[in-house]
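So you can see what is in the structure, the chains are spelled out below.
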Amino acid sequence: MRQLIIIGSGPAGYTAAIYAARANLKPLVVASSVEFGGELMKTTEVENFPGFPDGIMGPDLMMKMQAQAEKFGAEIVYDDVTKLELDGDVKRVTLGDGSVHESLALIYATGSAYRKLGLDDETRLSGYGVSWCATCDGAFFKQKHVAVVGGGDSALEEATFLTRFADKVSLIHRRDSLRASAAMQERAKNDPKIEFLWNKEVTAVLGDDKVAGVGLTDTVDGTESALDLSGLFVAIGADPRTHLVHGQLDLTAEGNIWVEGRSSKTSQKGVFAAGDVVDPTYKQAITAAGSGTVAALDAEHFLASLPKGVIAEATGAEAPAEMADQIGASA
Amino acid sequence: MSAAKDVTDATFADEVLASEKPIMVDFWAEWCGPCRAVSPILDKIAEENADKLSIVKIDVDNNPETAMKYGITSIPAMKVFKNGEVVKTVIGAKPKPALEADLAEFLA
């Protein structure tokens, strides 16, 4: 058995792993089989992560975090969790390959999953013009007209990225103003290839075997219209990935994992949560990383507070030298 | 990247369309993160099912003709060819059990 298992490998999971590994907790990081590194693996230039004045590519940043965690002794497994058992003193994690891993403390940092528009034809045409990843699929739309749905930072980042390939990028937003940061807004508004379609909701995806256009409904007057397109990129936000802990951890009204105050303590003793899965508001790489730090320190504190001998018995490890000294002195 | 053999616009007809065994083509590119994520999984599936299904890869940047011919607009895209025809398309990086379920008819 281990002292700590960390589920998730985005900035929160890897930062928790760096701290926990440096504290000699030898954490196991369950990184997922195809989504390891998290959201940043699908981004290009990250310009707002402190310490990189010239920017850094999202995947490079994540590979560096992973290397830093491994350097201090974190073990990483590229598999998906199929089952979590969080009640009781021993936390049990079952992986896709059937293996079961146990620990005394667990950090849950699974981030969030892209939201879909919820239209039938969106699923049918996904991969045939409907995409959630501009950096993956943008290059297939050279000299084409594409649209991005959404109004946050990720929508504007995708729109700006797509102008490298597409002739025209329509940004479809259901309100008349954007949530995105001022810097992203200014860049997009000054881009001659980006056209803003305000107060419009995508109500249909059109096309037989590939996307040919979308149906739009005006959110103010209800007018319906159609727009011819070759590609549709959906960037309407993400929902916290909590399906593995339903019924085991308390959630907030917004659907995030509930944590106590500014800590990472969940409703279950020994289980800590960090990153986008607890954060309905900020959702930045650096806030997730900070939150991962909090979780690692909380987990460390929790493990240190367990009765003497519990960790040694569970992990088969010898008590740390200073603790052995104390035991010796008191004997 | 994956250990799968590379095919190109020039070799596609010989290597893929003329293949006697079902053959899966992984359309990928260097800059595609999810492609990198799925490639070790494809290697594993290829290794475990070597007698039933061949798996090769094609870089869409260097081989735009084939990518265009098969209407690739999203990668990773994995297409299974049988007797020169596409019989199955799987799009997006998926965990191994999910891919095996998608490919069940070729792995049985």
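Okay, so let's go over this structure. Starting afresh in each chain, residues are numbered from 1 along the sequence in its written order. By the order in which they are written, chains take letters starting at A while ligands take numbers starting at 1. In keeping with the predicted nature of the model, local features appear solely for residues at pLDDT of at least 70, side-chain atom pairs appear and are counted solely at 80 or more, and the whole-chain, interface and lining totals rest on all residues. Side-chain measures here rest on the full set of heavy atoms in the structure, leaving out hydrogens and waters.

**Some remarks on the packing of helix α1 (residues 11–22) of chain A against helix α7 (residues 285–304) of chain A**
Residue and element names in this part refer to chain A.
- The axes are straight lines fitted to the C-alpha atoms, using for helices just the contacting stretch, and the angles between their N-to-C directions are given from 0 to 180°. Strands here are runs of E lasting at least two residues and helices are runs of H or I lasting at least four, both read from the DSSP assignment and numbered beginning at the N terminus. Taken N-terminus to C-terminus, the directions of α1 and α7 make an angle of 40°; their axes are 7 Å apart at the nearest point. When the interaxial angle is binned, α1 and α7 end up oblique. Considering how the two elements wind past one another, α1 and α7 form a crossing that is right-handed. Together, Pro11, Ala12, Thr15, Ala16, Tyr19 and Ala20 of α1 and Ala285, Ala288, Ala289, Gly292, Thr293, Ala296 and Leu297 of α7 make up the contact between the two elements.
- Looking at the contact of α1 with α7 residue by residue, the classes come out as ten nonpolar, three polar and no charged. Working definition: roughly parallel below 35 degrees, roughly antiparallel above 145 degrees, roughly perpendicular at 65 to 115 degrees, and oblique for all remaining angles. Handedness of each helix crossing follows the sense of rotation of the near helix against the far helix: counterclockwise by less than a right angle gives left-handed, clockwise gives right-handed. In what follows, residue pairs with any heavy atoms lying within 4.5 Å of each other are defined as contacts. Residue polarity follows a fixed list, in which Ala, Val, Leu, Ile, Met, Phe, Trp, Tyr, Cys and Pro are nonpolar, Asp, Glu, Lys and Arg are charged, and the others, Gly among them, are polar.

**A short note on the environment of glutamate 254 of chain A**
- Take glutamate 254 of chain A: it is sitting in the loop between β18 (238–240) and β19 (271–273).
- Here the term buried applies to any residue with accessible area under 20% of the maximum for its type, exposed to any over 50%, and partly exposed to those in between, with areas from a 1.4 Å probe on protein chains only. Residue classification places glutamate 254 of chain A among the exposed positions, given a relative accessible area of 58%.

**Focus on the pairing of strand β2 (residues 23–28) of chain B**
Residue and element names in this part refer to chain B.
- A large share of β2 lies buried, amounting to six of its six residues.
- DSSP-based pairing: two strands are paired if at least 2 bridges between them are found. Across six bridges, β2 lies against strand β3 (residues 54–59) in parallel orientation. The partner of tryptophan 28 across the bridge, within β3, is aspartate 59.
- The path from the first strand over the helix to the second decides the hand: if it runs clockwise while the strands point away from the viewer, the crossover is right-handed. The β-α-β motif built from β2, the intervening helix α2 (residues 33–48) and the parallel element β3 has right-handed crossover chirality.
- Sheet analysis places β2 next to strand β4 (residues 77–82), joined by five bridges and oriented antiparallel. Across the sheet, the residue bridging to phenylalanine 27 is alanine 77, located in β4.

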